[in-house]
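Per-entry structural report
Single-letter residue listing:
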Amino acid sequence: MKNKLIIGLLGLLTIVSAGCSKSDFLDVNTDPNNPADVPPRALLPATTYTLAFTNGNELARVASLLVQHNAGTANQALGFDIYNLAGNFDNAWNFEIYVGALPPINTLIAKTQETGPHYAGVAKIQKAYLLSIATDLWGDVPYSQAGNIREYPTPRFDKQEDIYQGNASLGIQSLFVLVKEGIADLEKDTPEGGFELGEFDEDLVFNGDVDKWIAVGNTLLLKLAITISNVNPTLAKSVIDDVLADGRYIKSNGDDFDVPYGTASGSQSPIYAFNITNRETDMMMSTRFLNIVDALSPNVRKYVEFLYTTPSGNFVTYENGAAVTAPSLATRSRYDSVVTGTVRAGATYVRMINNTNRAFILAESAIRLGTAGNADALFKEGIRAAMFKAGMGAADVDDFFANNAALVTLSGTDANKLKQILTWKYISNVTNPLEAYNDYRRTGIPDLNVALNASGDDPSVIPKRYTYPPNETSANPNVPSPRPLTNQKVWWGM
């Protein structure tokens, strides 16, 4: 499935990715409708859409099956559900990450570094987010040499620890430094006559509000820090301490990094287009997800009813890997509107960095790393943010808290408190399964069993990484060989 809107954008991005210069062609027969030099106001919507498409398309669908939010019921989802990952991900790797989004992001940075630093700042934050998706899923990936096909047609695969921590001897800038550079750019003044962010309504998310982009950047730092907190707790704590001292991070749902798409066919978000328009038979709510919810408390169903449908009045689920006929489409529990992106009228959305995860990250960090903040208060804040985001009214949220005090209060050992935080976070990240997949691989929470009839590299292990796509494997001699099996953890995993 390809969203028509994204195909159109990829056409623009292909022009930029080619990087054509005047020396490449004769100065004749120039087509003014097909420019080689794309202005920043055209680049930014394209990079924003393609980044969000990456976050909400195939990579996220696979993650939703591996963490058992969903179960596969037809087509490719059946194979992904039982860990048949090899031979896939060409489109995500090429058209979304390395050819789709990264070259124009690099172009946008180069074009605006001196003349439009706010553009450059947003682009650097987008670049860090994009490449964090890649390294989190595959481990070692092209990073320092990626996105410049002319200079590096077969880019080096940098080690994941270098991508996160940097390696000066190899010229590898850490993701943390990249984000901090983006924030620093956003703090600069736009020079007279330069490119000003938001002047042409090209900022689809925040309409040129630089402060909100700074908050996104700092919240991305929190996400990256907690991801590596097992393997480098010192760096993780330092980053989180700095963000808390700065104070400019996402603190309300209204500041969430949600990318809006259209509602008409061809312009919808990838989550909506796949699950509602094009492939409505392929996935449905996992029985195992509902079991985790009920093990926490059946009362949590009141919240989950905003995430999944109950067309028959009750949840109708399917077992991961089951080789039996799935329930009829009319009765299935599938993504509800908050997940497919229609919770706000007039748009469909991909939900990315948000207030809910920020609160849960800081609650976990307060316990594990000793960073500032009351873990219980942050835990409660995360639950409330998730419920409000899902569309629950204030009175219903207050009633839930009043009637379920034990569910919304941390108790017991630190290990038990972390389990509470990460279980609620896992449930709330139905809207962003890549985050749930990262959390599961670094903490083992929630406790998941392998799917029925599992196969793939190792049927006894839920995949700990994605397999490299076949096109890259055949074209780039730098792809790790033999390829890591899916039972091998990434650097920061467990």
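Every value quoted in this text rests on a predicted model; they were computed, and no experiment measured them.

Describing an aromatic ring pair means giving the distance of the ring centres and the angle of the ring planes. Under the definition given, this model contains 23 aromatic pairs. Judged by centre distance (6.0 Å) and plane angle (10°), the ring pair of phenylalanine 80 and phenylalanine 89 falls under stacked. Among the aromatic side chains, those forming a connected cluster through ring pairs are Phe80, Phe89, Trp93, Tyr98, Trp138, Phe157, Tyr437, Tyr466 and Tyr468. Between the NZ or CZ atom of arginine 384 and the centre of the ring of phenylalanine 401, over which it lies, the distance is 4.1 Å. Of note, arginine 441 hangs over the ring of tyrosine 437, and the distance from its end group to the ring centre comes to 4.0 Å.

Of note, the bond from isoleucine 445 into proline 446 is cis; its omega dihedral lies within 30 degrees of zero at 0°. One can find proline 446 in the loop between helix 19 (433–443) and helix 20 (470–475). Omega for the peptide link from serine 481 to proline 482 comes to -5°, which places this bond in the cis form. Among the structural elements, proline 482 can be located in the segment after helix 20. If you check the backbone angles, glutamine 68 has positive phi at about 65° while not being a glycine. When you line up the elements, glutamine 68 lands in the loop between helix 3 (58–66) and strand 1 (70–72). One non-glycine residue, phenylalanine 89, adopts positive backbone phi at about 80°. Mapped onto the elements, phenylalanine 89 comes out in the loop between helix 4 (76–81) and helix 5 (90–112).

Conventions adopted
- Residues numbered from 1 in each chain as written.
- Predicted model: local features only at pLDDT ≥ 70, side-chain atom pairs only at ≥ 80, totals over all residues.
- Heavy atoms only, no water.
- Phe/Tyr/Trp six-rings, centres within 6.5 Å; stacked < 30°, edge-to-face > 60°.
- Lys NZ or Arg CZ within 6 Å of the ring centre and 35° of its normal.
- Helix = DSSP H or I, 4+ residues; strand = E, 2+ residues; numbered from the N terminus.

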